[in-house]
Each structure stands twice: as structure tokens, then as C-alpha cells.
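Examining the three-dimensional arrangement
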Amino acid sequence: MNHDRIHARKPTHDIERWSVGTIERIDERDGHHVFDVQTDGGERVELVVTAAIRELVVSRLDLEEDESPTGARVWYRKRGG
């Protein structure tokens, strides 16, 4: 399976290749983690990543200890299928 790419911080390279969105929710499906992200244009994008990437992204968000990642801004590139 091809996985999508997602960053908690603005990328420093190839910035024109990245899109920006806001996390609406994170679910688990078939052993993968799915980020539902709303784009600035109001579209919903589903990003599929591994558990390790989910943990990395959430750990890098500027959140309080008990705060949900919902509403956090992320940068992403859609790859998967």
C-alpha cells in the first residue's frame, strides 16, 4: 500500500508540492491510521498513514497533554491508493 505524507510543521522543501488542511478526525482502519483533513477550499481529504507516522505527527503538533489533534493545521501530499 502506498501511504500519504503528512507533516505537523510547514515543510522547508518543495513547498509548492504540499497542500494545507485542518484535521477533522483520526480513525483506524485495517491496521492503518486515517486522517480526515479539510482543505482551505472546504474539501475533505482522506490521508492513510502508518501508526508510526500518526504518532510522529501528533507528537509534533503544538498541543496540550490532553488536547485532541482535531482542529490542528497540517501539511500533506496525497500519494496512496
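That block above? That's the structure.
The text that follows walks through the structure, step by step, so that each part is easy to find. (Residues numbered from 1 in each chain as written. Predicted model: local features only at pLDDT ≥ 70, side-chain atom pairs only at ≥ 80, totals over all residues. Heavy atoms only, no water.)

In this section: the nonpolar core. Of all hydrophobic cores here, the largest spans 15 residues; its most connected members are Ile6, Ile23, Phe35, Leu47 and Val74. For this core, the leading source of residues is strand 4 (residues 44–49), giving three residues. In this view, Leu47 contacts Asp4, Ile6, His33, Val34, Phe35, Val37, Tyr76 and Lys78; residues no more than four positions away in its chain are not counted. (Core = buried A, V, L, I, M, F, W, Y, C linked by side-chain atoms within 4.5 Å. Buried < 20%, exposed > 50% of the residue type's maximum accessible area, 1.4 Å probe, protein only. Helix = DSSP H or I, 4+ residues; strand = E, 2+ residues; numbered from the N terminus. Contact = heavy atoms within 4.5 Å.)

The probe, sized like a water molecule, is rolled over the atoms to show the empty space still left. In this structure, the largest pocket encloses a volume near 190 Å³. Counting residues per element, the ones that place at least two in the lining of the largest pocket are strand 1 (5–7) and helix 1 (51–60). Tallying contributions element by element places helix 1 first for the lining of the largest pocket, with four residues. Looking at the lining of the largest pocket residue by residue, the class counts come to six nonpolar, one polar and five charged. (1 Å grid on protein atoms, 1.4 Å probe; cavity = no way out; pocket = protein on both sides within 12 Å on 5 of 7 lines; lining within 4 Å. Points joined across faces, edges and corners; volume = space filled by probe spheres on them. Nonpolar A, V, L, I, M, F, W, Y, C, P; charged D, E, K, R; others polar.)

A complete count under the given rule lists nine salt bridges for this structure. With a shortest N-O distance of 2.9 Å, Asp36 and Arg44 are connected by a salt bridge. Put simply, Arg54 and Glu55 hold a salt bridge, and the shortest N to O gap is 3.0 Å. Through salt bridges with shared partners, one network takes in Arg25, Asp27, Arg29, Asp36, Arg44 and Glu46. (Salt bridge = Lys/Arg side-chain N within 4 Å of Asp/Glu carboxyl O.)

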